[in-house]
Amino acid sequence: MTPTIGVFDSGFGGLTVLRALIHRLPQAQYAFLGDTARLPYGSKSRRTIARYAAQSARFLVREQGAEFLVIACNTASALALDAIQDAVEVPVLGVVEPGAAAARAASRTGDVLVMATDATVQSHAYAAACSAQGLRALEKACPLLVPLVEEGWTAHPVTAEVIRIYLDEVQADAAAKGFDADTLVLGCTHYPLLRPLIEAEAPRGMNVIDSAEAAAEAAVRLFNGRAAPAASEPTAETWIRCFATDSVEKFERIGSRFLDRPVGKVDLIDLGG
Ligand code: DGL
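Residues numbered from 1 in each chain as written. Predicted model: local features only at pLDDT ≥ 70, side-chain atom pairs only at ≥ 80, totals over all residues. Heavy atoms only, no water.

Peer 1: What's the story with the overall build of the chain in this structure? I'm lost.
Peer 2: Of regular secondary structure, the chain possesses 11 helices and 10 strands. Relative to a compact globule of 273 residues, whose C-alpha radius of gyration would be 19 Å, the chain shows 18 Å and is just as compact. Taken over the C-alpha atoms alone, the chain extends approximately 50 × 40 × 35 Å along its principal axes. Taken across its 273 residues, the chain has 57% of its residues classed as buried. Pairs at least 24 residues apart make up 74% of the contacts formed inside the chain by residues separated by at least 6 positions. Accessible surface, the chain: about 11,400 Å² in total, of which carbon and sulfur atoms supply 49%. (Helix = DSSP H or I, 4+ residues; strand = E, 2+ residues; numbered from the N terminus. Rg over C-alpha atoms; globule rule 2.2 N^0.38 Å. Buried < 20%, exposed > 50% of the residue type's maximum accessible area, 1.4 Å probe, protein only. Contact = heavy atoms within 4.5 Å. Areas by Shrake-Rupley, 256 points an atom, 1.4 Å probe, with all protein chains shown as cover.)

Peer 1: Looking at this model, I keep getting lost on the site of the ligand. Mind explaining?
Peer 2: Around the ligand sit 13 residues in total, of which Asp9, Ser10, Tyr41, Gly42 and Thr75 are the nearest. A distance of 3.0 Å is found between an oxygen atom of the ligand and a backbone nitrogen or oxygen belonging to Asn74. At 2.6 Å from an oxygen atom of the ligand is found a side-chain nitrogen or oxygen belonging to Thr75. Starting from 290 Å² of accessible surface for the ligand in isolation, the protein chains cover 99%. (Near = heavy atom within 4 Å. Polar contact = N/O pair within 3.5 Å; in protein donor to acceptor, adjacent residues only side chain to side chain.)

Peer 1: Can you walk me through helix 2 (residues 46–63) in this structure?
Peer 2: Every α-helical turn comprises 3.6 residues, leaving residues that sit three or four positions apart pointing alike. Under the 1.5 Å per step criterion, the end-to-end length of helix 2 is 25 Å for 18 residues, consistent within 8% with the ideal 26 Å. Along helix 2, the residues that are buried comprise Ile49, Ala50, Tyr52, Ala53, Ala54, Gln55, Ser56, Ala57, Phe59, Leu60 and Val61. Looking at the buried positions of helix 2, the neighbouring elements they touch are strand 1 (4–9), strand 2 (29–34), strand 3 (68–71), helix 3 (74–87), helix 5 (118–123) and strand 9 (239–244). Following helix 2 by one or two positions, Gly65 has its phi on the positive side, about 70°. (Expected span 1.5 Å × (residues − 1).)

Peer 1: Sorry if this is basic, but what is going on with the sheet that holds strand 5 (residues 111–116) here?
Peer 2: One open sheet holds the four strands; their spatial order is 6-5-7-8, and the pairing between them is parallel. Looking at which strands have only one partner, the edges of the open sheet turn out to be strand 6 (136–141) and strand 8 (207–210). On average, each strand axis in the sheet is inclined to that of its neighbour by 25°, with strand direction left out of account. Lying over the sheet, helix 6 (residues 125–132) contacts strand 5, strand 6 and strand 7 (183–187), oriented at roughly 165° with respect to strand 6. Relative to the sheet, helix 8 (residues 157–176) contacts strand 5, strand 6 and strand 7, its axis offset from that of strand 6 by approximately 145°. (Pairing = 2+ DSSP bridges. Axes fitted to C-alpha atoms, helices over the stretch in contact; angles between N-to-C directions.)

Peer 1: Would you take a moment to explain the nonpolar core for this structure?
Peer 2: Nonpolar side chains tend to gather and get buried jointly when the protein is soluble and globular. Counting residues in hydrophobic clusters, the biggest one holds 61 residues, and the most contacted among them are Ile5, Leu15, Tyr30, Met115, Leu145, Tyr191 and Phe251. Once residues within four sequence positions are removed from consideration, Met115 is found in contact with Lys140, Cys142, Leu145, Leu167, Leu184, Val185, Leu186, Gly187, Cys188, Tyr191 and Ile198. Residues Ala76, Val112, Ala137 and Val185 belong to the second largest nonpolar core, which totals 46 residues. (Core = buried A, V, L, I, M, F, W, Y, C linked by side-chain atoms within 4.5 Å.)

Peer 1: Mind showing me how you'd approach the packing of helix 4 (residues 96–106) against helix 6 here?
Peer 2: Any two packed helices are characterised by the angle at which their axes cross and by the distance between the axes. Axis separation between helix 4 and helix 6 bottoms out at 9 Å; the angle between their running directions is 50°. Judged by the inter-axis angle, helix 4 sits oblique to helix 6. In this structure, the crossing between helix 4 and helix 6 has a hand that is right-handed. Facing Val96, Glu97 and Ala100 of helix 4, the residues of helix 6 in contact are Ala125, Tyr126, Ala129 and Cys130. Taken together, the residues of the contact of helix 4 with helix 6 sort by class into six nonpolar, no polar and one charged. (Parallel < 35°, antiparallel > 145°, perpendicular 65-115°, else oblique. Left-handed = near helix turned anticlockwise from the far one by under 90°. Nonpolar A, V, L, I, M, F, W, Y, C, P; charged D, E, K, R; others polar.)

Peer 1: Could you clarify how one ought to interpret the packing of aromatic side chains in this entry?
Peer 2: Here a ring pair, both rings aromatic, is described through the centre-centre distance and the interplanar angle of the planes. Counted according to the given criterion, the structure contains seven aromatic pairs. Arranged with centres 6.0 Å apart and planes meeting at 70°, the rings of Phe32 and Phe251 form a pair that is edge-to-face. Here Phe32 is found in strand 2, whereas its partner Phe251 is found in helix 11 (residues 248–259), with 219 residues between them in sequence. The burial state of Phe32 is the same as that of Phe251; both residues are buried. An aromatic cluster of three or more residues is present, and its members are Phe12, Phe32, Phe251 and Phe258. (Phe/Tyr/Trp six-rings, centres within 6.5 Å; stacked < 30°, edge-to-face > 60°.)

Structure follows, in structure tokens:
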């Protein structure tokens, strides 16, 4: 039996997590939901994010038969993991704790920087998860990066300049607070697409942690613990079904950049208000 894994994001950025999952668990079946009608989550309140995320989780479990949920969205993981766990009866994995654990494994100084959306930073979920790992974290809201990625400006000089400014600001703050950061966590679904620019602008030797990769690795550990994937051989054609609440054409067009392969047909669904 191949497990059906539900992957949820506020939009199509979470396809970076799906890409990392497929790489590690090609034999699984995937149902991906991007709540594109209500994107961005990163500027919304906890209450609203929790309501949207719980509705999306129920769709994946009840209507698509997902047996595990991976919350690819950093903002939903940071602000609504409890609400999602309450809404469904299957195991739920967010991206924040795996990202913090990967930072722990990489950091020698114990000080890390986290780039994320406004809502994620306001929640201080990364600071809490890092603190649980014995790390100090300084979080930086980078609200301009999601729209730049959605515009396709992933190698654009304007994006490089914006990243430089954000990194200068967070490093100045870090210096003022006596941080000796050697690790930078990409705490948003969209940032893995900016990794080459971020690595170019970050101080030399800084470890860059992709929370998408870290979450996929944690998912594999979770599934192997349940012995689900071991029962089947990897197949050449991984079964993926994508759903969106709006902008299906844009999802199909831009999604392949995040997934690194065509996303195929995307089904439009209505989750209500
Ligand atoms: N998926 C969100 C995240 O990872 C970014 C886009 C949004 O703001 O909804 O934080």
